[in-house]
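# Overview (structure and organization)
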Amino acid sequence: MRRAPVLIPIAAAVLALGACGKDSEPVGNKSGSTTKQTTTAATAKPVVTPRHSEDGCAPIAVAQPSKETRRRPRGKLHANKRFVATMRTNCGTIQIKLDVKNYPKTGRSFVSLARSGFYDGLSFHRIAKPGGNDFVIQGGDPLGTGEGGPGYSVAEAPPKSQRYPVGTVAMAKAGNEPPGTSGSQFFIVTGQGSALEPLYAVIGTVVTGAKVVSRIAAVPADPVTEAPIDPVIIKRVTIRESHP
């Protein structure tokens with residue numbers, strides 16, 4: 001089931017972005033893809049072609065779907081330590097200060113996935129801009145369709161007072177899952193975050209790379225699937241652990 005944050009407009013009508021009615025729609029290469037495949041006697045390697053627009057992102061091959069899974073992590077993170085995730089993408093580098101104090105289970109899962117290399121090579125498969133307005137960018141799905149995950153989930157319901165200002169990094173969930181449920185998919189709020197209900201477990205906040213987030217949010221996307229026209233790829237995620 002597609003995992004997408006739900007925007008609640010001021011008019012009180014519910015707009016499910018990338019949720020109901022779109023589960024069966026693939027979010028992969030569209031016509032006009034930026035890569036093609038060539039086969040040699042040894043291996044098949046993707047050939048990177050120029051991007052469709054001058055978006056500030058480097059040309060890169062599309063992410064290949066993966067069914068790789070992980071085991072649910074055990075143990076706890078040190079709540080008194082500072083954890084920062086560095087996410088390198090073909091559009092630049094983003095640093096996220098993790099909120100392991102208020103969301104220890106969610107933080108532990110994200111850190112475990114990152115340290116195991118789960119996110120390396122995955123895509124930002126969704127750039128949501130309802131009505132042309134920034135909303136969220138979403139990634140971390142090994143299938144690249146909005147329906148994949150790590151093979152497990154954790155649940156950590158947020159308080160009713162939870163807000164999602166611009167720069168918040170939170171975990172996406174399917175509409176029928178309990179509040180705070182998460183797998184591997186995350187989203188970064190790029191606008192209209194105040195319209196989100198307190199349903200999503202928070203990973204942390206972007207502390208460096210706000211311009212990179214805006215660059216990704218500006219990448220042209222299919223208006224129906226919200227998939228970027230040119231690939232936005234997470235090259236690597238690393239975790240730095242330190243004393244405050």
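Report on the accompanying structure. (Residues numbered from 1 in each chain as written. Predicted model: local features only at pLDDT ≥ 70, side-chain atom pairs only at ≥ 80, totals over all residues. Heavy atoms only, no water.)

## Considering the overall build of the protein chain
Of the regular secondary structure elements, the protein chain holds two helices and 14 strands. The buried share of the protein chain, reckoned over its 244 residues, is 49%. Considering only contacts within the protein chain whose residues lie at least 6 apart along the sequence, 71% involve residues at least 24 apart. In the form shown here, the protein chain has an accessible surface area of approximately 11,800 Å², with 54% of it arising from carbon and sulfur atoms. (Helix = DSSP H or I, 4+ residues; strand = E, 2+ residues; numbered from the N terminus. Buried < 20%, exposed > 50% of the residue type's maximum accessible area, 1.4 Å probe, protein only. Contact = heavy atoms within 4.5 Å. Areas by Shrake-Rupley, 256 points an atom, 1.4 Å probe, with all protein chains shown as cover.)

## Some points on the packing of aromatic side chains
Applying the stated criterion across every chain yields a total of seven aromatic pairs. Measuring from ring centre to ring centre gives 6.3 Å for Phe110 and Phe186, while their planes differ by 90°; the resulting arrangement is edge-to-face. Residue Phe110 is located in helix α1 (residues 104-115), and its partner Phe186 is located in strand β12 (residues 186-189); the two are separated by 76 residues in the primary sequence. One exposure class covers both Phe110 and Phe186, and it is buried. Where Phe118 meets Tyr119, the ring centres are 5.7 Å apart and the plane angle is 90°; that geometry is what we call edge-to-face. (Phe/Tyr/Trp six-rings, centres within 6.5 Å; stacked < 30°, edge-to-face > 60°.)

## A look at the pattern of salt bridges
For the structure on display, the rule yields five salt bridges. Salt-bridge contacts for Glu241 lead to Arg115; the nearest nitrogen and oxygen are separated by 2.9 Å. On the criterion of sequence distance, the pair formed by Glu241 in strand β14 (residues 234-242) and Arg115 in helix α1 is long-range, its members being 126 residues apart. Relative accessible area serves as the criterion here: at 32%, Glu241 is assigned to the partly exposed category. Its salt-bridge partner being Arg126, residue Glu226 comes within 2.6 Å of it at the nearest N-O pair. Taken together, the residues span a long stretch of sequence, with Glu226 in the loop between α2 (210-217) and β14 and Arg126 in strand β7 (residues 124-128) at a distance of 100 residues. Note on accessibility: Glu226 and Arg126 belong to one class, buried. (Salt bridge = Lys/Arg side-chain N within 4 Å of Asp/Glu carboxyl O.)

## Digging into α2
Where α2 is concerned, the buried positions are Val212, Val213, Ile216 and Ala217. Projected down its long axis, α2 shows its buried positions confined to an angular sector of 140°, all on one face. Those residues of α2 hidden inside the fold are in contact with β5 (82-89), β6 (92-98), β7, β8 (136-139), β12 and β13 (202-208). (Arc of directions from axis to C-beta.)

## Focus on the state of the cysteines
If you walk through the whole model with that rule in mind, you get one disulfide. Residue pairing for Cys57: its cysteine sulfur links by disulfide to Cys91, the two sulfurs lying 2.0 Å apart. Between Cys57 and Cys91, the S-S torsion sits near 105°, and that sign places the bridge as right-handed. Note that Cys57 is positioned in the loop between β4 (44-48) and β5 and Cys91 in the loop between β5 and β6, a separation of 34 residues in sequence. Among the residues examined, Cys57 registers a relative accessible area of 8% and is labelled buried. A relative accessible area of 2% places Cys91 in the buried class. (Disulfide = S-S within 2.5 Å.)

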